[in-house]
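Understanding the architecture of this molecule
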Amino acid sequence: MNSIEIREKFLNYFKKNGHEIVPSSSLIPAQDPTLLFTNAGMNQFKNVFLGNEKRSYKRATSIQKCVRAGGKHNDLEEVGFTNRHLTFFEMMGNFSFGNYFKEEAIKFAWEFLTKEVKISPKNLKITTYKDDEQAFEIWNKTINIPTDKIYRLGNKDNFWQMGDTGPCGPCSEIHFDNGKDVGCKSDGCNPSCSCGRFTEIWNLVFMQFNRQENGKLLPLKQTGIDTGMGFERLSMILQKKDSVFQTDIFAPLIKKIEKLTKLSYANSDKNTKAAFHVLCDHVRSSSLLIADGCLPSNDGRGYVLRKIIRRAALFAQKLSDNPKLFTSLSKEFISYFSLIYKKLKDNEKLILSTLEDEITKFSENLKSGKIILEKYIEENKKNSKSNLSGEQVFKLYDTYGFPPELTKVIANEQNFTLDMPGFNKEMEKQKEQSGKKAKGKNATLDIPENINTKFVGYDKLEIETEINFILKENNVSWIVTNKSPFYVESGGQISDKGWININDTVFEIENFYKSDNSNNPAITVKIKNTNIKVGDKVKCIVDYYSRTNTTKNHTATHLLQAALVQVLGKHIQQAGSFVNSEFLRFDYTSNHALKPEDTEKIENIVNQKIQANINLNIFYTTLQEAKDAGVTALFGEKYNADQVRVIQIPGFSSELCGGTHVKSTGDIGLFKIESDIALSSGVRRITGITGPKAIEVFQNSFNTIKTLVEKFKVKPEQVLTAVEKQTENISDLNSQIKQLKKQLAKSQIPAWQSQVQQVGKVPFLLLELQDFDSSQIKDICESIETKSPGFYFIINTNSKTPDNISFFGYVSKNFAPQVNLKEFSKLLRKKFDLKGGGSNTLIQGGGKQPKNLKEEIIKWLKAL
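A brief report on the enclosed structure follows. (Residues numbered from 1 in each chain as written. Predicted model: local features only at pLDDT ≥ 70, side-chain atom pairs only at ≥ 80, totals over all residues. Heavy atoms only, no water.)

1. Some remarks on the sheet that holds strand β26 (residues 644–649)
On the basis of which strands lie adjacent, the open sheet formed by three strands has the order β25-β26-β27 and antiparallel pairing. Each edge of the open sheet carries a strand with a single partner, namely β25 (617–621) and β27 (653–656). Averaged over all adjacent pairs, the angle separating strand axes in this sheet is 20°, with direction ignored. Two strands pair when backbone bridges link them, and β26 and β27 are joined in this way by four bridges, in the antiparallel orientation. Bridge pairing in β27 links Gln648 to Ser654. (Pairing = 2+ DSSP bridges. Helix = DSSP H or I, 4+ residues; strand = E, 2+ residues; numbered from the N terminus. Axes fitted to C-alpha atoms, helices over the stretch in contact; angles between N-to-C directions.)

2. A closer look at the side chain of Thr87
One can find Thr87 in the loop between β4 (73–74) and β5 (88–97). At 3.0 Å, the side chain of Thr87 and the side chain of Ser285 are in polar contact. Those residues in contact with Thr87 that sit more than four places away from it in its chain are Cys66, Val67, Arg68, Ala69, Leu76, Val79, Asp281, His282 and Ser285. (Polar contact = N/O pair within 3.5 Å; in protein donor to acceptor, adjacent residues only side chain to side chain. Contact = heavy atoms within 4.5 Å.)

3. Side note on the pattern of salt bridges
Enumeration according to the criterion identifies 26 salt bridges in this entry. One salt bridge connects Glu103 with Lys107, and the closest N-O pair in it is separated by 3.1 Å. Of this pair, Glu103 and Lys107 both sit in helix α3 (residues 102–116), four residues apart, which is roughly one turn of the helix. What makes Glu103 partly exposed here is its relative accessible area of 33%. Since its relative accessible area comes to 38%, Lys107 is described here as partly exposed. With a shortest N-O distance of 3.6 Å, Glu462 and Lys539 are connected by a salt bridge. You can see Glu462 sitting in strand β15 (residues 462–473) and its partner Lys539 sitting in strand β22 (residues 537–542), a full 77 residues away along the chain. Overall, the relative accessible area of 27% leaves Lys539 in the partly exposed class. Each of Lys65, Asp292 and Lys343 takes part in salt bridges that share partners, so that together they form one network. (Salt bridge = Lys/Arg side-chain N within 4 Å of Asp/Glu carboxyl O. Buried < 20%, exposed > 50% of the residue type's maximum accessible area, 1.4 Å probe, protein only.)

Below, the structure is given as structure tokens:
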């Protein structure tokens with residue numbers, strides 16, 4: 001039976017048994033940032049099982065794309081050297097959400113294997129959880145499996161749980177017996193033995209309990225079924241092959257490699273076959289990861305992808321010098337597998353160009369790097385050493401781009417090990433020498449190295465302590481206390497505000513200073529008081545309002561970063577941040593501004609997490625353990641390898657951070673993005689607000705909309721349309737008014753011309769108009785000038801602000817010498833506080849409505 005037939009049989013079988021066929025979800029988990037890659041069929045149904053999501057069906061079936069190449073589930077180093085390990089595989093599964101339970105799940109699995117694909121029951125063995133009497137009875141009494149073919153196993157093998165708490169339950173597995181001649185050949189061999197005799201086909205998980213924090217198991221209100229069966233393993237069994245790589249799933253790739261390398265897979269030795277296997281597997285995982293939006297990078301998912309591609313490039317060189325080998329293989333894979341996953345064809349250009357770029361960059365260094373590596377190995381052999389030093393491993397990584405994982409592959413062939421602690425030390429040295437170490441102000445304050453402070457501000461905002469060091473400068477003192485609740489600016493978070501009580505006198509803290517010249521940095525405060533001495537008792541008080549709002553903004557930046565990655569893609573990285581009590585700023589890598597719909601999605605995600613009131617999990621671990629767990633670290637930041645602080649928002653975000661944070665996301669209250677601007681090439685900056693500030697903006701916006709709703713008599717969602725329509729109407733009316741005014745003014749020109757009177761040596765006219773603009777007034781002046789040149793002064797009032805005027809003074813050129821407008825402006829300013837300016841022939845300005853203006857102008861003109 002070929003693999004296409006197996007797919008069809010599986011899906012059709014469950015469809016006819018009332019299951020909804022659900023397409024595979026992406027390899028990049030859309031709703032679970034804690035998961036590196038999708039690694040099981042149930043991932044996309046996680047919220048359904050938890051009761052957080054409802055769907056239109058109670059039964060589902062799928063064939064899910066999965067990758068296990070990093071984090072807790074990591075098969076990368078095994079791939080190529082066993083008959084079943086893969087980084088990419090497909091998991092066949094059927095699921096019940098409160099519909100059917102153990103008996104139906106067991107019947108479905110047994111019927112499909114023995115009736116649909118006709119595996120002999122004689123070759124199948126069953127395992128159940130040791131205390132699951134119900135499952136044992138179903139297998140034995142209902143399915144008629146003899147008791148000697150049912151094995152009761154413990155928690156490790158047959159009890160499944162999502163996490164330390166939450167949904168869990170016993171499971172039952174179906175194993176294929178490859179025969180007594182395979183594996184350890186022991187009479188007592190059973191499915192719990194890892195010798196290879198038994199191949200697990202199908203795992204049936206019966207979700208029936210909810211594990212509490214105290215370990216107690218309570219029954220779930222709604223039970224569920226989650227099953228998983230490896231598609232490649234089932235194909236291997238049905239096609240009677242010894243390895244998944246011998247199935248028809250991999251046949252096109254094996255043939256393509258043979259064609260490109262002129263090598264025969266069947267006649268190859270073990271190491272050459274391993275190279276075939278690595279290329280076959282890695283081309284599948286890398287092509288599909290890129291198709292789903294993952295791109296090579298130096299951290300996270302992108303780094304795992306980069307390691308897969310580089311590992312493939314390394315093994316490709318074992319088969320051929322052809323630099324296009326892997327990309328040609330990807331093209332072959334896309335050509336036939338896109339019939340199943342269309343995104344492969346849709347993203348073919350991206351996949352091929354990404355693979356080619358990565359391999360080209362790495363291949364240039366691979367050859368020379370291998371020469372250096374082999375040189376190291378030979379030198380160390382001569383010195384009776386069987387390991388590569390940390391310095392050697394680091395040079396290969398730093399100069400030739402060899403991740404330690406690749407160095408290990410080559411070294412293992414020579415029975416060499418790696419000095420990883422030494423490698424990590426070299427990495428730390430590089431960071432210190434790169435100039436990225438934060439610069440303090442040690443040159444300005446000389447604090448002895450043995451002076452330090454214990455920071456207790458994560459838990460306390462007010463403490464009693466004593467002074468252990470004083471540095472006096474002029475009329476101020478810098479003091480160091482034994483303990484301090486004050487957070488000093490670091491990691492983008494601003495310093496606290498606060499006070500210090502010394503001898504019943506409270507001083508506001510002017511400044512902070514954090515020394516980095518000791519293992520436990522001194523936190524120093526600057527106060528205007530020199531009447532103090534070492535040993536004095538003091539009370540330190542943090543400004544509660546400032547600290548509380550700062551923590552809201554800080555935790556919100558973590559939520560924002562996770563939401564940005566979720567909405568825009570995994571390529572998003574933090575490029576900087578700043579938080580204080582008023583707002584937050586978050587800089588991130590992107591060449592494109594946020595679309596309005598993306599801004600809305602990001603805000604919704606962050607506010608959903610706030611509303612969920614998730615308790616933060618803050619803990620300490622080693623840097624390596626944090627990296628292994630996939631915790632986000634700021635690229636280029638220096639961390640203590642022995643202890644780092646992890647801020648985890650369970651199920652959504654996990655970052656290394658030394659700042660202060662809320663206890664639960666609900667404490668943030670509300671989040672709003674105010675702006676998104678370009679900061680520099682490839683870097684953008686989001687400014688946001690939370691808590692009281694966000695509520696204030698919300699209230700102001702709500703009141704504005706409410707007013708407009710009442711004014712326009714429309715629904716809130718219709719306000720924008722109403723305003724736009726009103727604006728358009730106003731614009732049209734203003735155009736009409738302008739035309740009418742123009743026509744009116746034109747009709748009045750003769751009358752105004754006749755009103756021009758000789759005042760002294762200058763013809764003069766004063767006009768009082770209303771709601772004319774400067775261009776209209778200028779047109780009027782120029783029209784009057786055609787028959788009655790002279791000096792015109794126009795007072796223009798605004799109907800909305802009648803107490804204020806704008807003025808317009810215009811002089812015909814032939815009268816400009818007599819009427820000095822600069823001197824006239826001085827008169828207006830001195831007598832009437834009317835301010836303005838202009839040229840020799842035109843001045844404009846404004847001010848309060850003056851009295852006796854006409855009389856003063858006439859008096860001034862007569863005096864000329």
